[in-house]
Structure formats: structure tokens, C-alpha cells
Amino acid sequence: VASYVNNCSLLNVEPLLEYVMALSDPANTICSLGERAKPLSENDLVCLCNSLRENRTITLLELHCNQLSGSLMKELAAVIITNGSIKTLKLGKNNLHDEGASLLSEALEQNVGIEELDLSDNGVGNMGVVRLAQAIVGNTHLVTLDLQRNQIGDEGASAFARSAERNRALRTINFRFNNISNVGAEAIGDALRFNQALTELDLGGNAIAGVGCEGIAAGLEVSQTLLKLNLRSNAVSDRGAVALGRALLKNVSLVALYLGSNDIGPEGVVTIANAWKQNSTLETVDLQGSLMGRSGAAAVADAIRTNHSIRELILEIESGDRSSAQEIANALRSNTTLTE
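Description of the structure in this document. (Residues numbered from 1 in each chain as written. Predicted model: local features only at pLDDT ≥ 70, side-chain atom pairs only at ≥ 80, totals over all residues. Heavy atoms only, no water.)

**Some remarks on the overall build of the chain**
In terms of regular secondary structure, the chain is built from 13 helices and 11 strands. Principal-axis analysis of the C-alpha atoms gives the chain an extent of 75 × 35 × 30 Å. Out of the 340 residues belonging to the chain, those deemed buried represent 55%. When contacts within the chain are restricted to residue pairs at least 6 apart in sequence, those whose partners lie at least 24 apart make up 84%. Distance between charge centres in the chain, computed from 27 positive and 39 negative side chains, equals 4 Å. (Helix = DSSP H or I, 4+ residues; strand = E, 2+ residues; numbered from the N terminus. Buried < 20%, exposed > 50% of the residue type's maximum accessible area, 1.4 Å probe, protein only. Contact = heavy atoms within 4.5 Å. Lys, Arg positive; Asp, Glu negative; His and termini not counted. Charge placed at Lys NZ, Arg CZ, Asp CG, Glu CD.)

If you want it as C-alpha cells, here you go:
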């Protein structure tokens with residue numbers, strides 16, 4: 001603590017209370033410096049980084065909303081290279097853009113500690129993601145990566161997918177709201193065929209439609225590790241839902257499938273429902289906002305009666321369709337596993 005305080009004095013800045021408290025308690029491994037009323041200054045971060053180069057007690061460092069410029073990211077990247085104790089690094093909403101992501105990527109190639117990295121909402125585009133994808137190819141430590149609300153697009157998603165084919169460490173990837181369409185989704189589907197480490201893939205809020213879903217479905221058929229797939233709020237139609245339903249007949253790992261707020265109609269609902277009748281691993285199915293129609297409602301009701309693994313089912317019945325509502329209600333009476 002004394003060394004850090006002296007360093008702050010030399011640069012004429014007030015010591016960061018949150019960091020001092022963390023240093024003062026060896027049992028406290030978390031330092032949260034995000035979303036402050038006033039973002040960290042350059043000298044604040046210089047003092048912090050100088051101390052972190054020697055510190056081995058902080059395992060979680062949170063720096064959300066601090067407007068980290070190129071020079072500040074260089075300071076932080078130098079820490080990441082030498083400090084193997086930081087396991088979780090949260091850098092959301094810092095306007096890192098491609099320059100900051102590239103600096104961080106260079107550090108990740110040498111870092112042996114970080115397991116969870118949050119780069120959400122940073123304006124990172126294709127160039128930054130391509131560089132990050134290169135960095136994770138041989139990285140055996142990074143387990144969770146959050147890139148939601150950036151500007152990845154199809155080029156960035158495709159580059160990342162190619163790297164994921166060879167990466168054996170990543171378990172969770174969040175690509176929500178990144179303007180990914182069919183081209184990127186097909187590349188991700190190809191990666192699922194080869195990657196046998198990924199357990200959670202979040203692609204919600206993109207522009208993935210039929211062809212893209214078919215690509216993901218092809219990967220899902222052979223994946224033995226993926227547990228959770230989120231495709232909410234895309235452009236998934238019956239074509240995509242049918243492909244995913246057929247994949248569920250072969251997949252034996254998926255536990256949760258989220259397809260709410262898409263453009264799925266009765267054909268897609270019927271195929272998904274018929275698939276989960278035979279699938280014994282699925283526990284959560286989200287079809288919120290899908291237009292079931294009478295045929296979809298009948299298939300869902302039949303699946304509810306026969307399936308014994310589903311724990312959570314998210315549906316919407318069209319207003320005024322009392323017949324479908326009654327059919328599903330009757331089926332629920334005989335189901336003993338649904339809890340939500």
C-alpha cells in the first residue's frame with residue numbers, strides 16, 4: 001500500500017480508495033473501478049498499473065466506463081503481459097475500438113492468467129476482432145469471452161470461427177448484437193463441427209436467417225459439448241427452425257435452446273416440438289413470439305405429454321385462440337417435470 005500511495009504522491013493524484021482497500025485486505029481479491037462519477041485519469045491508471053505489475057492478490061479487475069485511450073491501454077497491456085494473477089478482466093464501455101483490441105490481443109498472446117475477458121460495448125470492428133481471433137488460437141487459459149454490442153459483422157465472426165476450430169479452451173462466447181448475418185453464422189456452424197470445447201454460444205440480437213441457421217444446425221448435429229444456444233431476436237423463420245429441429249434429433253448435449261422473438265410459424269414450431277419429444281437432454285426451450293397455429297399447439301401439447309426432460313418452456317399463444325390454450329393446459333396437467 002505504501003509504495004502505491006507514494007507513487008500517487010509523486011504524480012500528484014489521490015490514491016484510489018477502492019484499490020487501497022483491496023490492497024489492505026489480503027482476503028479481498030476483487031478491485032472494482034468501473035462506472036465512476038469521474039473516469040480514471042491517465043496518471044490514475046499509470047499509478048494503478050505500476051502497482052499491479054507487482055501485485056499478486058488481485059484476481060478480478062473491473063474498469064468499465066473509463067474511456068481507456070491508446071496510451072492507457074498500452075499501460076494496461078504491459079500489466080497483462082507480466083501479471084498472471086489477474087483471472088477476470090472487465091473492460092466494457094471503454095471505447096477501445098480496433099486499436100485498443102489490438103493492443104490487448106498482443107498482451108493475450110503472452111499472458112498466462114486471464115480466464116474471463118469482458119470487452120462488451122467497445123466499438124470493436126472487424127480489424128480488432130481479427131487480431132483478437134489470432135491471439136486466441138493458441139491461448140489455453142481464456143475460458144469466457146464477452147464481445148456483445150460491438151461491430152464484429154460477418155468478417156469478424158468468420159475470422160473468430162476459424163480460430164475457434166483450433167482453440168481448445170474457450171467455453172463461453174457472447175456475440176450478441178453484432179450485425180452478424182448468414183455468412184458469419186455459417187462460419188460459426190463450421191467451427192461447431194470441429195470445436196469440442198465450447199459449451200455456451202450467444203448469438204442473440206443479430207441478423208441470422210434461414211441459411212445461417214442451417215449452417216449452425218449442421219454444426220449442432222455433431223457437437224458433443226454445446227449446452228446452451230441463444231438465437232433470440234434474429235430473423236429465424238420456419239426454414240431455420242426446421243433445420244434446428246432436425247439437428248436436435250441427433251444432438252445429445254444441448255440443454256437450452258432460445259429461439260424467442262423471431263419469425264417462426266407453425267411449421268417451425270411443429271418440427272421443434274416433434275424433435276424435443278425424442279430428445280432427452282433439452283431442459284429449456286424458448287419459442288416466445290412464435291406463431292403456433294392449431295398444428296403447432298397440437299405438436300407442443302403432444303410433446304409436453306411425452307417429454308420428461310423439459311423443465312422450462314417459454315411460449316405465447318395467439319390472443320383469442322382458446323382452443324390451443326385449452327389443449328396445452330390439458331397437456332400440462334399430465335406433465336410432472338415442467339417447473340416454469
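Alright, that's what it looks like, and here's the rest.
**Remarks on the pattern of salt bridges**
Under the counting rule described, the total for this entry stands at 10 salt bridges. In this structure, glutamate 75 and arginine 53 form a salt bridge, with 3.4 Å as the shortest nitrogen-oxygen distance. With glutamate 75 in helix α4 (residues 70–82) and arginine 53 in the loop between α3 (42–52) and β2 (60–62), the pair connects residues that are 22 residues apart, well separated along the chain. Judged by its relative accessible area of 23%, glutamate 75 falls in the partly exposed class. Residue class for arginine 53 comes out partly exposed when judged on its relative accessible area of 24%. With its nearest N and O atoms 2.7 Å apart, the salt bridge here joins aspartate 302 to lysine 277. Here aspartate 302, found in helix α12 (residues 293–306), pairs with lysine 277, found in helix α11 (residues 266–278); they are 25 residues apart in sequence, far enough to count as distant. Given a relative accessible area of 27%, aspartate 302 falls into the partly exposed group. (Salt bridge = Lys/Arg side-chain N within 4 Å of Asp/Glu carboxyl O.)

**With respect to the packing of α12 against helix α13 (residues 322–334)**
It is at 8 Å that the axes of α12 and α13 come closest, and there the two elements cross at 5 degrees. For the element pair α12 / α13, the angle class is roughly parallel. Together, Gly293, Arg294, Ala297, Ala298, Val300, Ala301, Ile304 and Arg305 of α12 and Ser323, Ser324, Glu327, Ile328, Ala331, Leu332 and Ser334 of α13 make up the contact between the two elements. Taken together, the residues of the contact of α12 with α13 sort by class into eight nonpolar, four polar and three charged. (Axes fitted to C-alpha atoms, helices over the stretch in contact; angles between N-to-C directions. Parallel < 35°, antiparallel > 145°, perpendicular 65-115°, else oblique. Nonpolar A, V, L, I, M, F, W, Y, C, P; charged D, E, K, R; others polar.)

**Overview of the environment of asparagine 195**
Its location among the elements puts asparagine 195 in the loop between α8 (182–194) and β7 (200–202). Its relative accessible area of 5% is what places asparagine 195 among the buried residues. Leave out the neighbours within four places in its chain, and asparagine 195 touches Ala164, Asn167 and Thr225. For asparagine 195, the side chain forms a polar contact with the main-chain nitrogen of alanine 197, separated by 2.8 Å. (Polar contact = N/O pair within 3.5 Å; in protein donor to acceptor, adjacent residues only side chain to side chain.)

**Concerning the environment of leucine 287**
When you line up the elements, leucine 287 lands in the loop between β10 (284–286) and α12. The exposure class assigned to leucine 287 is buried, which follows from its relative accessible area of 2%. When the C-alpha atoms of leucine 287 and leucine 315 are compared, they prove to be 5.3 Å apart, with 28 residues separating the residues in sequence. Sequence-distant contacts of leucine 287, defined by excluding residues within four places in its chain, comprise Leu259, Gly260, Ile264, Val269, Ile272, Trp276, Ile314 and Leu315.

**Things to note about empty space enclosed by the protein**
Applying the stated criterion to the full structure yields one cavity of 30 Å³ or more. Forming the walls of the largest cavity are Ala157, Phe160, Ala161, Ala164, Ile173, Phe175, Ile188, Ala191, Leu192, Asn195, Leu198 and Leu201. Counting only elements with at least two residues in the lining of the largest cavity, the list comes to α7 (153–164) and α8. The element contributing the most residues to the lining of the largest cavity is α7, with four residues. Among the residues making up the lining of the largest cavity, the classes are represented as 11 nonpolar, one polar and no charged. (1 Å grid on protein atoms, 1.4 Å probe; cavity = no way out; pocket = protein on both sides within 12 Å on 5 of 7 lines; lining within 4 Å. Points joined across faces, edges and corners; volume = space filled by probe spheres on them.)

**Structural notes on the packing of α7 against α8**
Pairs of packed helices are described in terms of their axes, by the angle between the two and the distance that separates them. Where α7 contacts α8, the two axes come as close as 8 Å, and the packing angle between them is 5 degrees. Between α7 and α8, the angle is such that the two are roughly parallel. In this structure, α7 contributes Asp154, Ala157, Ser158, Ala161 and Ala164 to the contact, and α8 contributes Asn182, Val183, Gly184, Ala187, Ile188 and Ala191. Residues of the contact of α7 with α8, tallied by class, amount to seven nonpolar, three polar and one charged.

**Here's the deal with the nonpolar core**
Within the largest apolar cluster, 102 residues are counted, with the highest numbers of intra-cluster contacts made by Phe160, Leu229, Ile272 and Trp276. In contact with phenylalanine 160, other than residues within four places in its own chain, are Val129, Leu132, Ala133, Ile136, Leu145, Leu147, Leu170, Ile173 and Phe175. (Core = buried A, V, L, I, M, F, W, Y, C linked by side-chain atoms within 4.5 Å.)

**Looking at the side chain of serine 290**
Position of serine 290 among the secondary structure elements: in the loop between β10 and α12. Judged by relative accessible area, serine 290 falls into the buried class, the value being 5%. Within the local environment of serine 290, its side chain forms a polar contact with the backbone oxygen of leucine 287, the two atoms lying 3.0 Å apart. Once residues within four sequence positions are removed from consideration, serine 290 is found in contact with Ile264, Val269 and Glu316.

**Quick notes on unusual backbone geometry**
Across the chain, the bulk of peptide bonds are trans and the bulk of non-glycine residues have phi less than zero. Although it is not a glycine, lysine 93 sits at a positive phi angle of roughly 55 degrees. Relative to the elements of secondary structure, lysine 93 occurs in the loop between β3 (88–90) and α5 (97–108). The backbone of phenylalanine 177 shows a phi angle near 55 degrees, a positive value even though the residue is not glycine. Looking at where phenylalanine 177 falls in the secondary structure, it is placed in the loop between β6 (172–174) and α8.

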